[in-house]
Amino acid sequence: MYAYDEIDRTLVNERVSEFRDQVKRRLSGELTEDEFKILRLQNGVYLQLHAYMFRVAIPYGTLATNQLRALAHVARKYDRGYGHFTTRQNIQFNWIKLAELPDALEDLAKVGIHAMQTSGNNMRNVTSDQWAGVAPSEIEDPRIWSELIRQHTTLHPEFSFLPRKFKIAITASDHDRAAIKIHDIGLRLIKNEKGETGFEVLVGGGLGRTPFIAKTIKHFVHGRDILSYIEAILRVYNQYGRRDNIYKARIKILVHELGIEKFSREVEDEWQHIRNSSLQIDDEVIEDIRSRFTYPAYEKLPHMPDELRQAAADPDFEAWRKNSVAPHKVQGYSIVTISLKPTGGPPGDATAEQMDALADLADKYSFGEIRVGHEQNLALPHVAKRDLPALWKALDKLGLATPNVNLITDIIACPGLDYCSLANARSIPIAQELTRRFANHELANLIGRLHINISGCINACGHHHVGHIGILGVEKNGEEVYQITIGGRADENAALGTLIGPGVKFDEVADVVEDIVEAYLALRERPEELFMDTVKRLGVEPFKERVYATR
Amino acid sequence: MTSPLEQKKIKIAGPSIVTANRTWDGIVVYRTAAKSWSADLSEAAIVRNSDEAKALLAESVADDVGAIGPYIAPVQVGADGKIEPGNLREQIRRTGVTIGQSAQA
């Protein structure tokens, strides 16, 4: 966990007071909506279909139990008893009242949570691997660097009015769980031949109406230079990024139009001006941030405790363990992913009761720490293996032990037309139907790893372009129509999916997915060949033929 | 969301209303003939041509404290005068999320 210092606390508290005054002036009419809009957006407040929506940042996806309880409190007191975890380590509340928002922010500020820069054309929440600090193959904890960037960019005047929003993600493992290649800047923490920490820097990734996979702009930037290098990228973007057309304003368009070579030359020129400035990071600064992260006092525990050996006889426990439990860097411990994808439920939602109970479980079994992943699931990062059976039973009672992590029903979906003012089509009911269609966990396990992503409009908040099966809802002649892609992925081998054919109607989507899955099961050469391997081997044609043969 | 600015060239194909969200709490509201806002669609003022729509929208935009983001939306008016939303988006805004409903017809 990271412990805020006095500067952080003062900044967050002052921001609450400032926003309270702004809301008061808005409600009295002293501020018009045009004047107020940018202020509310800078505090994570959108207007959606039914109400205001309030987006709260969970920097690099790390939450303490008192913070999760505070989120539960906001859900219960100011909203309708639940929150929605997003694809960028935020949580959204869908029914908040503007008049009560300052009180909600004040309650969150007491535990160091805020909503700064969760909206608007600025540097958004810096995201990272939800397994940061505990993943076995990790080079070092990427949250140290995430925190450095968070501190530097929070309320930074040069980054407060960018051409468009700007998102950074950091990973420090070979397997990318932070989806860095679909971010404006993706950072992959590496070591050079001298053993020094640095980053491969990628730029220009993003989805939306013009999707691009990020390109490597520099193979190694030393850790001490990372702020100046990021700043150089942002300065080039600030100077050349388009402000005349919102659809062409993201950095990915600039990188694409200039070409990565020219763009990198511009960045290099700018960097030479600033790299030896005060932006160069002293080791002491990094060590100070590192010292503010506390790590558990792990016990020396056996690799295979008796409790786990005995529980292995229970097939239900084993089904859950197989998908939800991952190796930890410390022997005797595990990382437990908690599925927020129950059969028939909206992906990513958690009730206030679940959040409170999960906080209790995290105190009991995970050194008081919870993580939030971009897949819209939660994780307990430090669970002793001996405690896994007891934890599983407790999670099951809360409806949080669905054994579907990384399987076909572990669906990423945006709020869609049920909540979002930008959406053209519904996402959540499609996800719900698919979780019912593939509710048989034996079937889901037989299918194996398969990610479905659903977006309710071209803005792609459900990351449909990078779903193994991607579903995009559009509106055509007043009806919801869904375009299906296959072959996308968001990991270290990130790729955009390929459209398989004409769109299908709302009530045909689950049938089409079933057809694709049946085709895969028939086409795969052996059970170990994953869906993505079959698509890579055969292309989209066999799937297209199967889907459209009778349509 | 369709903003009033995007609706400068207002053309309506049938009976329409002006809808927005109430400023203090964000709930869905409809502009009434009495120049106020109501959460009840049956109290919405109906406009049937572009000039009427423009006038109703202009009056709604002017009430910046009462509601935000006003725009024109289609409705269907039954023979008995009952007003129903004219598209799925407005249906969802009126009756709430559909996430309890099966995607299968």
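Rules used in this analysis
Residues numbered from 1 in each chain as written. Chains lettered and ligands numbered in written order. Predicted model: local features only at pLDDT ≥ 70, side-chain atom pairs only at ≥ 80, totals over all residues. Heavy atoms only, no water. Helix = DSSP H or I, 4+ residues; strand = E, 2+ residues; numbered from the N terminus. Buried < 20%, exposed > 50% of the residue type's maximum accessible area, 1.4 Å probe, protein only. Contact = heavy atoms within 4.5 Å. Areas by Shrake-Rupley, 256 points an atom, 1.4 Å probe, with all protein chains shown as cover. Rg over C-alpha atoms; globule rule 2.2 N^0.38 Å. Salt bridge = Lys/Arg side-chain N within 4 Å of Asp/Glu carboxyl O. Buried area = accessible area lost by both parts, 1.4 Å probe. Domains from an automatic or database assignment. Polar contact = N/O pair within 3.5 Å; in protein donor to acceptor, adjacent residues only side chain to side chain. Nonpolar A, V, L, I, M, F, W, Y, C, P; charged D, E, K, R; others polar. Core = buried A, V, L, I, M, F, W, Y, C linked by side-chain atoms within 4.5 Å. UniProt positions renumbered as here; feature names shortened; annotations may be inferred. Phe/Tyr/Trp six-rings, centres within 6.5 Å; stacked < 30°, edge-to-face > 60°. Pairing = 2+ DSSP bridges. Axes fitted to C-alpha atoms, helices over the stretch in contact; angles between N-to-C directions. Parallel < 35°, antiparallel > 145°, perpendicular 65-115°, else oblique. pLDDT = per-residue confidence, 0-100.

### A word on the overall build of chain B
Within chain B, the regular secondary structure consists of two helices and five strands. Overall, chain B shows an N-to-C arrangement of helices and strands of β-β-β-α-β-β-α. Within chain B, buried positions represent 44% of all 105 residues. Restricting the contact set of chain B to residue pairs at least 6 apart, pairs at least 24 apart contribute 57%. About 5200 Å² of surface is accessible on chain B, with carbon and sulfur atoms providing 54% of the total.

### What about the overall build of chain A?
A count of helices and strands for chain A gives 18 helices and 21 strands. For 551 residues, the compact-globule formula gives about 24 Å, and the C-alpha radius of gyration of chain A, at 23 Å, lands near that figure. For chain A, the spread of C-alpha atoms along the three principal axes comes to 60 × 60 × 60 Å. Taken over 551 residues, chain A has a buried fraction of 63%. Counting contacts in chain A only where the partners sit at least 6 residues apart, residues at least 24 apart contribute 68% of the total.

### Describing the pattern of salt bridges
Within the structure shown, the criterion is met by 55 salt bridges over all chains. Note that A:Glu287 is salt-bridged to A:Arg290, the shortest N-O span being 3.3 Å. Of this pair, A:Glu287 and A:Arg290 both sit in helix α9 (residues 283-292), separated by three residues, roughly a single helical turn. Assessed through its relative accessible area of 28%, A:Arg290 is described here as partly exposed. Between B:Arg93 and B:Glu90 there is a salt bridge, and its shortest N-O distance comes to 2.8 Å. One end of the pair, B:Arg93, and the other, B:Glu90, are both in helix α2 (residues 88-95), three residues apart, so they sit about a helical turn from each other. Across the pair, exposure class does not vary: B:Arg93 and B:Glu90 are buried alike. It is possible to trace a salt-bridge network through shared partners that takes in A:Glu433, A:Arg436, A:Arg437, A:Asp511 and A:Glu514.

### Things to note about the interface of chain A and chain B
With 36 residues of chain A at the contact, the number on the chain B side is 25 residues. Between chain A and chain B the total buried area reaches about 2500 Å² when both faces are included, carbon and sulfur atoms providing 58% of it. Where chain A touches chain B, the interface holds one salt bridge. A salt bridge links A:Arg26 to B:Asp64; the nearest nitrogen and oxygen atoms lie 3.0 Å apart.

### A few points about the domain arrangement of chain A
All names here are of chain A. According to the domain assignment, chain A consists of domain 1 (6-109), domain 2 (142-290) and domain 3 (412-548). A C-alpha centroid distance of 33 Å is found between domain 1 and domain 3. Each partner contributes residues to the interface: domain 1 has ten residues there, and domain 3 has ten residues. Note on domain 1 versus domain 3: buried area summed over both sides is about 760 Å², and carbon and sulfur give 56% of it. Taken together, the links from domain 1 to domain 3 amount to five residue pairs in polar contact (both at pLDDT 80 or more). Considering every element that reaches the side of domain 1 that touches domain 3, the biggest residue donor is strand β5 (residues 90-96), with three residues. Partitioning the side of domain 1 that touches domain 3 into residue classes produces four nonpolar, six polar and no charged.

### A short note on the nonpolar core
All names here are of chain A. Within the largest apolar cluster, 107 residues are counted, with the highest numbers of intra-cluster contacts made by Phe54, Leu71, Phe85, Ile168, Leu187, Val201 and Phe263. Among the elements that take part in this core, helix α6 (residues 226-240) stands out by supplying nine residues, more than any other. Ile447, Ile469, Val517 and Val540 belong to the second largest nonpolar core, which has 37 residues in total.

### A few points about unusual backbone geometry
All names here are of chain A. The backbone phi angle of Ala179 is positive, close to 55°, even though this residue is not glycine. Among the residues examined, Ala179 registers a relative accessible area of 1% and is labelled buried. Positive phi, close to 50°, is recorded for Asn477, a residue that is not glycine.

### What to know about the UniProt feature "domain: Nitrite/sulphite reductase 4Fe-4S" (unreviewed entry) in chain A
Residues and elements named next belong to chain A. Look at the UniProt record and you will see "domain: Nitrite/sulphite reductase 4Fe-4S" (unreviewed entry) annotated at residues 119-273 and 408-547. Between the end C-alpha atoms of residues 119-273 there is a gap of 30 Å, over a span that is 31% helix and 18% strand. Secondary structure across residues 408-547 divides into 34% helix and 19% strand, with the first and last C-alpha atoms of the span separated by 18 Å.

### A word on the packing of aromatic side chains
Residues and elements named next belong to chain A. Counted under the stated rule, the structure contains 15 aromatic pairs over all chains. Their ring planes at 45° and their centres at 5.6 Å tell us that Phe166 and Tyr237 sit as a pair that is tilted. Of this pair, Phe166 sits in the loop between α5 (143-153) and β7 (168-171) while Tyr237 sits in helix α6; the two residues are 71 residues apart in sequence, bridging distant segments of the chain. Exposure remark for Phe166: the relative accessible area of 0% places this residue in the buried category. Tyr237 sits in the buried class, given a relative accessible area of 0%. Geometrically, the ring pair formed by Phe317 and Trp392 is edge-to-face, given 5.5 Å between the ring centres and 75° between the ring planes.

### With respect to the sheet that holds strand β2 (residues 52-57) of chain A
Residues and elements named next belong to chain A. Here five strands make up an open sheet; going across it, the order is β1-β2-β5-β4-β13 and the pairing antiparallel. Edge strands, defined here as strands with exactly one partner in the open sheet, are β1 (45-47) and β13 (349-351). Strand-to-strand, the axes of this sheet are offset by a mean angle of 30°, without reference to chain direction. Alignment of β2 against β5, held across five bridges, turns out to be antiparallel. From the neighbouring strand, Val56 faces β5, where its bridge partner is Ile91.

### Quick look at helix α4 (residues 101-109) of chain A
All names here are of chain A. Taking burial as the measure, the nine residues of α4 include seven buried ones, the bulk of the element. When we look at burial in α4, the residues that qualify are Leu101, Pro102, Ala104, Leu105, Asp107, Leu108 and Ala109. Summarising the contacts, the buried residues of α4 are in contact with α1 (6-28), β1, β2, α3 (65-78) and β5.

### Side note on the packing of helix α11 (residues 315-324) of chain A against helix α13 (residues 388-397) of chain A
The geometry of a pair of packed helices is captured by two quantities: the angle between their axes and the separation between those axes. Residues and elements named next belong to chain A. One can describe the packing of α11 onto α13 by two numbers: an axis separation of 11 Å at closest approach and a directional angle of 95°. On the basis of their axis angle, the class for α11 and α13 is roughly perpendicular. Residue-level inspection shows Asp316, Phe317 and Trp320 of α11 in contact with α13, the latter providing Leu388, Pro389, Trp392 and Leu395. The residue inventory of the contact of α11 with α13, partitioned by class, reads six nonpolar, no polar and one charged.

### Topic: the confidence of the model for chain B
All names here are of chain B. Overall, the prediction assigns chain B a mean pLDDT of 90, with 88% of residues at 70 or greater. Confidence drops under a pLDDT of 50 for residues 1-5, and excluding neighbours within four residues, the segment shows eleven contacts in the predicted structure. Interface confidence for the predicted complex, expressed as ipTM, amounts to 0.93; the pTM equals 0.96.

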